[in-house]
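The residues making up each chain are set out below.
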Amino acid sequence: MLNITVNASRKYDVVIGEGLMESAGRMVRGVSSARKVCVICDTTTRDLFSETVIGSLAGAGFDTHLLIFAPGEQTKSMSNLSRILEYLADRHFTRTDLLVALGGGVIGDLTGFAAACYLRGINFVQMPTTLLSAVDASVGGKTAVNLKAGKNLAGAFHQPAIVLFDTNAMESLPEEQFKEGLSEIIKCGVIGDKDLFEYVAYKEAPRINDFVEMTAERAIIVKRDLVEQDEYDVGPRKLLNFGHTMGHAVELCSGYEIPHGHAVAMGMLAACKASYRKGWSNEDCAIPVWQTLERYGIDPKCPFDADELASAALKDKKRSGTKISLVVPLQIGEGALMDIDVEELPEFFRLGLEG
Ligand code: GLY
């Protein structure tokens, strides 16, 4: 079992290991004196994991409740936020009671935001069941729901009380979803940990759980270090957006048919190429990044052109002013932020997509 401590506005542990669902009750009891716990999941994680987690929490003396949503991005809505808040109020949850997010990023973001809002803030636990949510969404305290105008436009920074990543959950994770997480792990290697990148690029682990433990730990440490420097995402935390400016545009252009991790892979490769061609990078990172994505069957060929992507990227409601911050690799293991004028974005994408 591995333990990573995050020292943000609240201090908490990210625990990685096999069988953490079975020991969830004891581990959650270690950080909470709650009487009631509401486990929030989707129908997939209900079928796979809820019995084990609820049983363990009940065994540790918690009065357990279960709230279930449909899987998918559309679940991250204001109406579902309201459903959770009304559910908690109807059952007289108090400020010392607790929510547990049992699922991927959608469930984690929705549950976290409900925890941030209910009674002006109660504790919650993240139990990520996808590799992507384990290495990204469940750590760092970003919580949100989507509005009609765009994704994640209503939310709060609200750090969890503990994150429990049971690597046994990877056994039931579909291969395509596993690749989504790998893409974010590769991202962390490129922006902040050369050894992690090289491990993913060249090494074999005897067991998938060993590979997941090792790579997730190092990716979370990269994220942890940035969150500790810049919890509210006004400076270095933006490095975590490597591949995301184009990645979000790819998602939008595809009507969200191309999933996040895959879109980010396209964005990372393009950012590497464009940055090298502009003379910002000290080495051509596109070659090792492309080879690593290939190694895991992640196809980084982008089906959209630079103009389509730039116009989608510039619709991003969270962009401010006439500048846009791009993340580029100086070399493998070291990312940097580059501010460009928004008019320069199509050219940057063009350089990233050419040959
Ligand atoms: N997913 C990027 C961040 O947490 O800042």
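Residues numbered from 1 in each chain as written. Predicted model: local features only at pLDDT ≥ 70, side-chain atom pairs only at ≥ 80, totals over all residues. Heavy atoms only, no water.

Draft legend 1. Examining the overall build of the chain more closely. In terms of helices and strands, the chain carries 13 helices and 11 strands. Against the 2.2 N^0.38 benchmark of 20 Å for 355 residues, the chain shows a C-alpha radius of gyration of 20 Å, consistent with a compact globule. Dimensions of the chain along its principal axes, counting C-alpha atoms only, are 60 × 45 × 35 Å. Sequence separation of 24 or more characterises 74% of the internal contacts of the chain that already satisfy a separation of 6 or more. Approximately 14700 Å² of the chain is accessible, and the part contributed by carbon and sulfur atoms is 50%. If the 36 positive side-chain charges of the chain are averaged to one point and the 48 negative ones to another, these points end up 6 Å apart. (Helix = DSSP H or I, 4+ residues; strand = E, 2+ residues; numbered from the N terminus. Rg over C-alpha atoms; globule rule 2.2 N^0.38 Å. Contact = heavy atoms within 4.5 Å. Areas by Shrake-Rupley, 256 points an atom, 1.4 Å probe, with all protein chains shown as cover. Lys, Arg positive; Asp, Glu negative; His and termini not counted. Charge placed at Lys NZ, Arg CZ, Asp CG, Glu CD.)

Draft legend 2. Spatial organisation of the packing of aromatic side chains. For the structure on display, the rule yields 4 aromatic pairs. Ring geometry for F157 and Y232: centres 5.1 Å apart, planes at 85°, overall edge-to-face. You can see F157 sitting in strand β8 (residues 150-157) and its partner Y232 sitting in the loop between α8 (208-229) and α9 (244-253), a full 75 residues away along the chain. Note on F157: relative accessible area 35%, which makes it partly exposed. Relative accessible area serves as the criterion here: at 47%, Y232 is assigned to the partly exposed category. (Phe/Tyr/Trp six-rings, centres within 6.5 Å; stacked < 30°, edge-to-face > 60°. Buried < 20%, exposed > 50% of the residue type's maximum accessible area, 1.4 Å probe, protein only.)

Draft legend 3. Structural context of the sheet that holds strand β6 (residues 123-128). As summarised here, the arrangement of the 7 strands in space is β1-β2-β9-β6-β5-β3-β4, forming an open sheet in which the pairing is mixed. Here the strands that pair on one side only, and so sit at the sheet edges, are β1 (2-7) and β4 (63-69). Strand-to-strand, the axes of this sheet are offset by a mean angle of 20°, without reference to chain direction. Bridge analysis of strand β5 (residues 98-103) against β6 gives 6 bridges, and the strand direction is parallel. Bridge pairing in β6 places G103 opposite P128. Along the sheet face, helix α3 (residues 78-90) touches β3 (36-42), β4 and β5 and points at about 160° away from the line of β4. (Pairing = 2+ DSSP bridges. Axes fitted to C-alpha atoms, helices over the stretch in contact; angles between N-to-C directions.)

Draft legend 4. Quick peek at the packing of helix α10 (residues 260-277) against helix α11 (residues 286-295). Between α10 and α11, the shortest axis-to-axis distance is 9 Å and the interhelical angle comes to 160°. Of the possible angle classes, the one that applies to α10 and α11 is roughly antiparallel. Crossing of α10 against α11: the hand is left-handed. Contacts from A265, L269, C272 and K273 of α10 reach α11 at A286, V289, W290 and L293. Its residues assigned to classes, the contact of α10 with α11 comprises 7 nonpolar, no polar and 1 charged. (Parallel < 35°, antiparallel > 145°, perpendicular 65-115°, else oblique. Left-handed = near helix turned anticlockwise from the far one by under 90°. Nonpolar A, V, L, I, M, F, W, Y, C, P; charged D, E, K, R; others polar.)

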